[in-house]
Every structure is written in C-alpha cells, then in structure tokens.
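# Structural features, examined
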Amino acid sequence: MHAKGRLLSVSSAPVVIKKYANRRLYDTELSAYITLENLMDMVKQDRAFVILDARTGDDITRGVLAQVMLEEETRGRAMLPVAFLRQLIRCYGESRQGEVSDYLERMMAEFMDSQPPAATTGGLEALGRENAAVVRQAMSLFTSLYAVERAGNRTVENLLQEIMDLRQQVEDLRAGRDTAS
C-alpha cells in the first residue's frame with residue numbers, strides 16, 4: 001500500500017517523485033503528495049523511484065534518501081554508529097571515495113542477499129547490529145589500506161596479511177551469527 005491507501009503498480013519503470021520548494025513530495029504515478037515515510041515504504045518494497053527537483057529537474061534522490069535515514073536516526077531508531085559516520089565523512093573528497101561507495105554498495109547487497117527476513121523486532125535489532133559490525137569492518141579495511149598507502153609501506157605481504165585477517169574476522173562473524181540463530 002502507498003499514499004491514500006492505493007496499491008503500488010508493478011511496472012518496472014521508476015516512479016517519478018517531484019520535490020517542491022515547500023519540501024513537499026509529489027508522486028506522479030499516484031497524483032498525490034507523499035511523505036518521507038511513504039518513500040521508506042517504497043524502498044522496503046524494493047519499488048524503483050527517482051526524485052527530481054520540481055523547479056530544475058535535477059535528480060536529488062540521493063539527498064532525499066539521506067534525509068530519510070537522518071529522520072530514522074533521530075527518531076531513536078539509530079543504526080549507524082557514530083564512529084562509522086565519522087569514518088565515512090573522512091572519506092569524502094579523498095581519491096578513493098568512489099571505491100568506498102562501490103564497496104559499501106556491493107557489501108550491503110551481499111549482506112541483504114545472505115540474510116533471512118527478520119520476523120521480530122529483536123531480530124531486526126540483531127540484524128542492525130550485525131550490519132553495523134560488517135560496515136565497521138569494511139571501513140576499517142579502507143582506513144588501514146589508506147594508512148598503509150600514505151605511509152609508503154604498501155607491500156604485497158602487508159596487504160595479504162590484512163586480507164587473511166579480514167577473512168578470519170568474517171568467518172568469526174558468520175560463525176557467531178549461525179550459533180545465535
């Protein structure tokens with residue numbers, strides 16, 4: 001269900017959402033104004049959409065999705081640890097920013113594909129904690145690689161050892177998750 005109790009269409013074309021200067025979001029498929037909560041529902045339903053600035057036509061999807069996350073974080077449903085947010089912010093403007101973005105996207109896709117749907121709130125909280133741990137691990141990989149690169153101490157042996165350590169950590173996390181299930 002979506003705004004005004006109407007069902008979402010099953011078309012593969014992304015829904016165009018227009019954001020107006022008054023901060024209102026307009027779903028062009030439903031011809032109705034929607035909320036950030038409606039957008040969150042669309043994401044959870046894996047519904048494709050694009051958000052355009054109504055005046056300029058610019059794609060502002062990324063910024064509005066970040067706003068959805070901010071709203072969730074401030075409502076007491078925090079999932080992103082402060083340390084992770086700080087690490088992420090440090091990556092902005094760095095030469096490897098695109099690599100971090102691509103890696104996080106792949107990692108989250110793999111994580112979501114490997115997880116059974118959580119049926120309870122406790123399951124969702126555990127899923128959030130696991131997700132945060134995996135993201136912290138990923139960020140530590142990039143932080144450590146960046147530190148090695150900047151120190152001019154980038155050797156194949158150092159990188160291979162880090163990869164082996166990370167593989168062991170992933171196996172430990174998987175083993176812990178399997179025993180908790």
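Residues numbered from 1 in each chain as written. Predicted model: local features only at pLDDT ≥ 70, side-chain atom pairs only at ≥ 80, totals over all residues. Heavy atoms only, no water.

### Notes on helix 2 (residues 61–74)
Helical periodicity: at 3.6 residues per turn, an α-helix aligns residues three or four positions apart in one direction. A rise of 1.5 Å per residue sets the reference length of helix 2, with its 14 residues, at 20 Å; its end C-alpha atoms lie 20 Å apart and thus fit the reference within 8%. Buried within helix 2 we find T61, V64, V68 and E72. Looking straight down helix 2, one finds that the buried residues subtend no more than 90° of arc, so they occupy a single side. Looking at helix 2, the residues exposed on the side facing more than 90 degrees away from the buried face are R62, L70 and T74. Residues of helix 2 that are buried sit in contact with strand 1 (15–19), helix 1 (36–44) and strand 4 (49–53). (Helix = DSSP H or I, 4+ residues; strand = E, 2+ residues; numbered from the N terminus. Expected span 1.5 Å × (residues − 1). Buried < 20%, exposed > 50% of the residue type's maximum accessible area, 1.4 Å probe, protein only. Arc of directions from axis to C-beta. Contact = heavy atoms within 4.5 Å.)

### Brief notes about the pattern of salt bridges
Counted according to the given criterion, the structure contains 4 salt bridges. In this structure, the salt-bridge partner of R75 is E72, at a minimum N-O distance of 3.0 Å. Taking the relative accessible area as the measure of exposure, R75 reaches 42% and is therefore partly exposed. The residue R174 makes a salt bridge to E171 at a minimum N-O spacing of 3.3 Å. With R174 and E171 both in helix 6 (residues 156–180) and 3 residues apart, this pair spans about one turn of that helix. (Salt bridge = Lys/Arg side-chain N within 4 Å of Asp/Glu carboxyl O.)

These figures capture arrangement, not role.
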